[in-house]
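# Reading the structure
Residues per chain are reported as follows:
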Amino acid sequence: MLTSLAPIWRLTVQCAWRPGGRFGIALFATIFALGLAGVHVTVRLIRWANDFYTALQKLDVPAATQQIGVFFVLVAVSAALNLSAAWLRKLLQIRWRQGLTDVVLDAWLSDKAYWHLRDRQENGLDNPDQRIADDCRIFVYRLTTEALELMTNLVALVSYVAILWSLSTFPLAFTLFGTEVSIARYMVWAAPLYVAISSGVTHWLGKPLIPLNVEQQKTEADFRFALARLRENGEAVAFARGEPAERRLFDLRFAAVADNWHRLMNRELVLGLFTRPYMQTVLRIPLFLALPAFLAGRLTFGGLMQIASAFQNVVTTLSWFIFSYRDLAELVATARRLDGFLADCGTAARGEGGIVRTSDASGRMAVRDLSLRAPDGRAILTMEDLAVSSGEVVWLSGASGRGKTTLARTLAALWMHGEGHVALPAGPGLFLAQQSYLPLGSLADAVTYPSHRDDIGDEAILAALAAVGLDRLAAPDRLDVAVALSGLSGGEKQRLMLARLVIHRPAWAVLDEPTSALDREAEAAVFAAVRAVLPATAFLVIAHRPPQGLGPVRRVDLDAAKPVQPPAALRISAA
Ligand SMILES: Nc1ncnc2c1ncn2[C@@H]1O[C@H](COP(=O)(O)OP(=O)(O)OP(=O)(O)O)[C@@H](O)[C@H]1O
């Protein structure tokens, strides 16, 4: 129980205790107050039952007519309270959802958790997009609904039990094995006993729903993730005629959705077999229980209806747990997933190695005594010394899989597995990854990424596009075209990435195969244009051929370096 409450509490704190959180707490308090006012109206309706049915029994037409009027007033007040509480609850939900989404997005983006957790994502173990979008929504919705209902129901329970206590003055008398038994105020005891037994049965029947709900959310997310991947890699799949393979994967993932759905619906049926009749009997049971007192003449008809109404309210309030079991299960499941996600993000960037990072005052990129390995302990690369001075171009070569990109990742503080020293100049730097990345947005957004277009200015953007040979795009009316619709070829995308160098003018740059899609002449022309605006920039270029156009190049060949075995303690045994 406590293990379920801890994540809910942690996430609630994230929603409510934030700058501007006071308004949310005030909203919560107002909705709670409206709920209490609603309880007061219900208490008044219980008294109304006595007044109305007594008037009916006495055939007192004016009194009965007056009670009909009272009934409509009470219903109108109740509706107004309900509607305003529902409206304010929605307002609270979007505020808290905004707060929680901010927390989750910060965790996802900080320390590059999105990168460190990407392997898990690819394995389908994790679907962070679902957690950010759906889980934040579901958690806040369920929390605000269930927490407010719980609090209101607690207060309501005290009020209804007090009424039931004051009304059920008659005992239940019967003979058991020849002994006279008399239970005073048995209607009061009957209500919690009835609910306790029912809650026990509900919990026992409904317990498997929690893991089944977790599994359902996971399988749905896995299915969505597979669909989104096809969209992202549509061209590669189309060239490979991979539709049957994609279809097999979709079918497999949907089969998992359907399979778990069947288990979930069967379990819900089992639970429903109990809760459904329970919900229906709960309205009649009090009548049956109070009938002996009525038949013995201890209760008027109005009194019978009043006590039935009070009992019903006690039982329905107590039964909140039963009726809300599914929703509570969803709240717990979502809280666990979100809480686990935040914990994963917090530890994602933690490496077991010891790479020391400093800033180099002389403006050099440098590594010393570097030894990199894979997460499983396999040695990838060792490097005694590498330095790229201001204005220098170093070409990092080596066979495929030799560790060139891993070295770039280490410089970018992404790769944590290894030991050694890394120093980067204090001035601004720029990394270009092997795969060109075009963000959602316009062509101008893509060129200026990750800066804001307004901070750069359209003239500079047009000049950068022209410099890298993208003359056909270097027109003011093209800048606002969605980049996805620009129909860029692989080489054009690489030119666009290089335009970012011209725009951002870094003091140092690490480029991972930046011109692999360009021919040598095009590469030389683009690099010459880049060099013209960046004469003092230090370049580390990873490529399978010497970069042309940047000026004199010093080659560092990784094939000359030998991999070393990691320390025995770091080797992970396959067993
Ligand atoms: N996340 C990872 N988990 C395990 N091994 C990895 C991971 N990333 C890279 N490696 C391994 O590290 C080695 C070096 O990979 P890297 O991408 O650095 O090579 P590269 O020299 O850039 O190759 P290429 O020229 O083909 O781009 C490879 O054996 C690769 O399998």
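The name given to the protein chain in an unreviewed UniProt entry is ABC transporter, with the source organism recorded as Phreatobacter cathodiphilus. We quote the UniProt Sequence similarities (unreviewed entry) comment for the protein chain here in full: "Belongs to the ABC transporter superfamily." Recorded in UniProt for the protein chain, the comment headed Subcellular location (unreviewed entry) runs: "Cell membrane".

The next thing to look at is the overall build of the protein chain. Secondary structure assignment for the protein chain yields 20 helices and eleven strands. At 35 Å, the protein chain has a C-alpha radius of gyration far larger than the 25 Å of a compact globule built from 575 residues. For the protein chain, the spread of C-alpha atoms along the three principal axes comes to 110 × 60 × 50 Å. Burial analysis of the protein chain (575 residues in total) assigns 32% to the buried set. The long-range share in the protein chain, meaning contacts at least 24 apart out of those at least 6 apart in sequence, stands at 80%.

This part takes up the site of the ligand. Inspection of the region around the ligand gives twelve residues, with Ala-374, Ser-400, Lys-404, Thr-405 and Thr-406 positioned closest. Per-element tally for the shell around the ligand: the top contributor is helix α15 (residues 404-411), with three residues. In the shell around the ligand, the residues fall into three nonpolar, six polar and three charged.

Let us now look at the sheet that holds strand β5 (residues 379-388). Read across the open sheet, the four strands follow the order β3-β7-β4-β5; overall the sheet is mixed. On the outer flanks of this sheet lie β3 (354-360) and β5, each paired with one strand and no other. Adjacent strand axes in the sheet meet at a mean angle of 15 degrees when their direction is disregarded. The sheet contact formed by strand β4 (residues 365-373) and strand β7 (residues 418-425) spans five bridges and is antiparallel. Across the sheet, Val-367 pairs through a bridge with Val-422, a residue of β7. Contacting β3, β4, β5 and β7, α15 runs over the sheet at an angle of about 65 degrees to β7.

It is worth spelling out the sheet that holds strand β10 (residues 538-542) at this point. Pairing is parallel in the open sheet, where five strands are placed in the order β8-β9-β10-β6-β11. Bordering the open sheet on either side are β8 (429-432) and β11 (554-557), each of which pairs with just one other strand. For this sheet the average axis-to-axis angle between neighbouring strands, irrespective of direction, equals 15 degrees. Against the sheet, α15 makes contact with β6 (393-397), β8, β9 (508-512) and β10, and its axis sits at roughly 150 degrees relative to β9, the strand it touches most.

Considering the arrangement of structural elements, one finds Leu-287 in helix α11 (residues 285-295). Take Leu-287: there are 15 C-beta atoms within 10 Å of it, and that puts it in the partly exposed class. Along the primary structure Leu-287 and Leu-462 are separated by 175 residues, whereas in three dimensions their C-alpha atoms are 82 Å apart.

Moving on: the UniProt feature "transmembrane region" (unreviewed entry) in the protein chain. The positions that UniProt labels "transmembrane region" (unreviewed entry) are, in the present scheme, residues 21-46, 66-88 and 150-174. End C-alpha atoms of residues 21-46 are separated by 38 Å, and the span's content is 100% helix alongside 0% strand. Helix makes up 100% of residues 66-88 and strand 0%. Its end C-alpha atoms lie 33 Å apart.

What follows covers the domain arrangement of the protein chain. Per the domain assignment, the segments making up the protein chain are domain 1 (2-170 + 299-348), domain 2 (199-289) and domain 3 (354-560). Between the C-alpha centres of domain 2 and domain 3 there is a distance of 45 Å.

What follows covers the nonpolar core. The tendency in soluble globular proteins is for nonpolar side chains to be buried as a group. Core analysis: the largest hydrophobic core is formed by 55 residues, its most contacted members being Val-447, Ala-464, Leu-465, Val-468, Ala-499 and Phe-539. When residues of this core are assigned to their parent elements, the largest contribution, seven residues, is made by helix α19 (residues 490-504). In this structure, Ala-499 is in contact with Val-447, Ala-464, Leu-465, Ala-467, Val-468 and Leu-470, ignoring residues within four places of it in sequence. Within the second largest apolar cluster, 33 residues are counted, among which are Trp-96, Ala-107, Leu-209 and Ala-335.

Quick look at helix α3 (residues 61-109) now. Spanning 49 residues, α3 covers 71 Å between terminal C-alpha atoms, matching the ideal 72 Å at 1.5 Å per step. Where α3 is concerned, the buried positions are Ala-85, Leu-92, Gln-93, Arg-95, Trp-96, Gly-99, Leu-100, Val-104, Ala-107 and Trp-108. Asp-111 lies just past α3 and shows a positive phi near 55 degrees.

Look at helix α8 (residues 209-232) against helix α10 (residues 243-281): their axes get within 9 Å of each other, and the N-to-C directions meet at 160 degrees. When the interaxial angle is binned, α8 and α10 end up roughly antiparallel. For α8 against α10, the interelement crossing comes out left-handed. Side by side, α8 and α10 meet where Leu-209, Leu-212, Glu-215, Gln-216, Thr-219, Glu-220, Asp-222, Phe-223, Ala-226 and Leu-230 of the first sit next to Glu-246, Leu-249, Phe-250, Arg-253, Phe-254, Ala-256, Val-257, Asn-260, Trp-261, Arg-263, Leu-264 and Arg-267 of the second.

Scored by pLDDT, the protein chain comes out at a mean of 86, with 93% of its residues at no less than 70. Confidence drops under a pLDDT of 50 for residues 563-575, and excluding neighbours within four residues, the segment shows 16 contacts in the predicted structure. Overall fold confidence (pTM) sits at 0.74, and the ipTM for the predicted complex is 0.95.

Cut-offs used in this document
- Residues numbered from 1 in each chain as written.
- Predicted model: local features only at pLDDT ≥ 70, side-chain atom pairs only at ≥ 80, totals over all residues.
- UniProt positions renumbered as here; feature names shortened; annotations may be inferred.
- Helix = DSSP H or I, 4+ residues; strand = E, 2+ residues; numbered from the N terminus.
- Rg over C-alpha atoms; globule rule 2.2 N^0.38 Å.
- Buried ≥ 20, exposed ≤ 12 C-beta atoms within 10 Å, placed from the backbone.
- Contact = placed C-beta atoms within 7 Å.
- Near = placed C-beta within 6 Å.
- Nonpolar A, V, L, I, M, F, W, Y, C, P; charged D, E, K, R; others polar.
- Pairing = 2+ DSSP bridges.
- Axes fitted to C-alpha atoms, helices over the stretch in contact; angles between N-to-C directions.
- Domains from an automatic or database assignment.
- Core = buried A, V, L, I, M, F, W, Y, C linked by C-beta atoms within 7 Å.
- Expected span 1.5 Å × (residues − 1).
- Parallel < 35°, antiparallel > 145°, perpendicular 65-115°, else oblique.
- Left-handed = near helix turned anticlockwise from the far one by under 90°.
- pLDDT = per-residue confidence, 0-100.

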